[in-house]
Amino acid sequence: MIQAVYAPVANAGGEVPEYRIDFTGSAVRRGCIVIPVINEGERLHRLLDRMAKIDLASLADLIVVDGGSIDGSVTPDRLKPRSVHTLITKIGPGKLSAQLRCGYAHALAAGYEDLVTIDGNDKDDPSAVPRFFDALRGGYDFVQASRFIPGGVGENTPRLREFAIRAFHAPLLSWASGFPWTDTTQGFRAYSRRLLLDPRIAPFRSDFSSYELLAYMSYRAPRLGYKCVELPTVRRYPATGAIPTKVGGLAGNLQLLGTLVRVCVGGLNPRQVARDG
């Protein structure tokens, strides 16, 4: 059982979907970059090539967490030459949050202290990653990317998505968490080891299967007094063609808002811990 193997996460929820380790090596760096993907095709390869140009593999080990791609984009012969250190494939149930639980559990078990997550669809500029690690090593426990603060850039963001973030998602999470968030649906973020292993947060639970974990961490970490910060980043959607997102349209955004309400009223807090425990 995966849960029995990964003792570091036992007190932080202890529920990790089953996954396969396709290839890996010993942890080389203090930090890692967790990249969740599913059928990202050349978008993933472009992101990895951008990372290679700034030599991010010399700063952190790259961990690709596949959700079950069938497009041939995550074969070892395509990833290893691009400096990917580890490829794991989720074979248990769930979507993004389940993938992240796999990736984070694997990273913590390997001994990494600092974890950055960036989506594998090449919307985010990876040149910001070193600043995320600097913030973690400067005392922050949670670093969130934002295209909406000074220095940030958002290009071709779908109008419905931007409206939902600015009018509902960020304001509600800011009110509930006590931290002035501006860009709360972004997966480009970073966590300290101690934050992920805090049993009062307990992120390794089957409650987090779809997109719940992102909103929950933005709510829970500030309420528990963890030091959080937003950093300006660049997020570009393509000007034409298909939008690289797994959440789209009115139905997808309504689902995100429903999850948000549940998070903000403490509905995903650990059951054995008081709401503000």
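Residues numbered from 1 in each chain as written. Predicted model: local features only at pLDDT ≥ 70, side-chain atom pairs only at ≥ 80, totals over all residues. Heavy atoms only, no water.

Undergrad: Sorry if this is basic, but what is going on with the nonpolar core here?
TA: Across soluble globular proteins, nonpolar side chains show a tendency to be buried alongside one another. Counting 46 residues, the largest nonpolar core has Tyr104, Phe142, Leu173, Leu195, Phe204, Tyr216 and Met217 as the members making the most contacts within it. Those elements that place two or more of their residues in this core are β2 (31-37), β3 (60-66), α4 (96-110), α6 (159-177), α7 (193-196), α8 (212-223) and α9 (249-264). Discounting chain neighbours no more than four positions away, the residues touching Tyr216 are Arg200, Ile201, Arg205, Phe208, Val263, Leu268, Asn269 and Pro270. (Core = buried A, V, L, I, M, F, W, Y, C linked by side-chain atoms within 4.5 Å. Buried < 20%, exposed > 50% of the residue type's maximum accessible area, 1.4 Å probe, protein only. Helix = DSSP H or I, 4+ residues; strand = E, 2+ residues; numbered from the N terminus. Contact = heavy atoms within 4.5 Å.)

Undergrad: How should I be thinking about the sheet that holds strand β6 (residues 142-146) in this particular structure?
TA: What links the strands of a sheet is backbone hydrogen bonding, and the strands pair in either a parallel or an antiparallel sense. Strand order in the open sheet formed by eight strands is β1-β4-β3-β2-β5-β8-β6-β9, with mixed pairing between adjacent strands. In the strand order of this sheet, the two ends are held by β1 (19-23) and β9 (228-232), each with one partner. Each strand of the sheet is rotated relative to its neighbour by a mean of 20°, with strand direction disregarded. Strand direction decides the pairing type here: β2 and strand β5 (residues 114-117), joined by four bridges, are parallel. Its bridge partner being in β5, Val34 is matched across the sheet by Thr117. (Pairing = 2+ DSSP bridges. Axes fitted to C-alpha atoms, helices over the stretch in contact; angles between N-to-C directions.)

Undergrad: So what exactly am I meant to see when it comes to the pattern of salt bridges here?
TA: When the charged atoms of two side chains with opposite charge come close together, those side chains can pair. Under the criterion given, the structure shown has 18 salt bridges. When the shortest N-O distance is used, the salt bridge between Glu40 and Arg43 registers 3.1 Å. The class of Glu40 is buried, set by a relative accessible area of 6%. Among the residues examined, Arg43 registers a relative accessible area of 26% and is labelled partly exposed. With a closest N to O distance of 3.2 Å, Arg235 and Asp119 form a salt bridge. Of this pair, Arg235 sits in strand β10 (residues 234-236) while Asp119 sits in the loop between β5 and α5 (129-137), and the two are 116 residues apart along the sequence. (Salt bridge = Lys/Arg side-chain N within 4 Å of Asp/Glu carboxyl O.)

Undergrad: Looking at this structure, how should I read the packing of aromatic side chains?
TA: The description of two aromatic rings rests on the distance between their centres and on the angle between their planes. Tallying each qualifying case throughout the model produces seven aromatic pairs. Geometrically, the ring pair formed by Tyr104 and Tyr191 is edge-to-face, given 5.8 Å between the ring centres and 90° between the ring planes. Residue Tyr104 is found in helix α4, and its partner Tyr191 is found in strand β8 (residues 189-192); the two are separated by 87 residues along the sequence. Here Tyr104 falls in the buried class, since its relative accessible area comes to 1%. Classification of Tyr191 by relative accessible area gives buried; the value is 2%. Relative to Phe168, the ring of Phe163 lies with its centre 5.7 Å away and its plane at 80°, an arrangement referred to as edge-to-face. (Phe/Tyr/Trp six-rings, centres within 6.5 Å; stacked < 30°, edge-to-face > 60°.)

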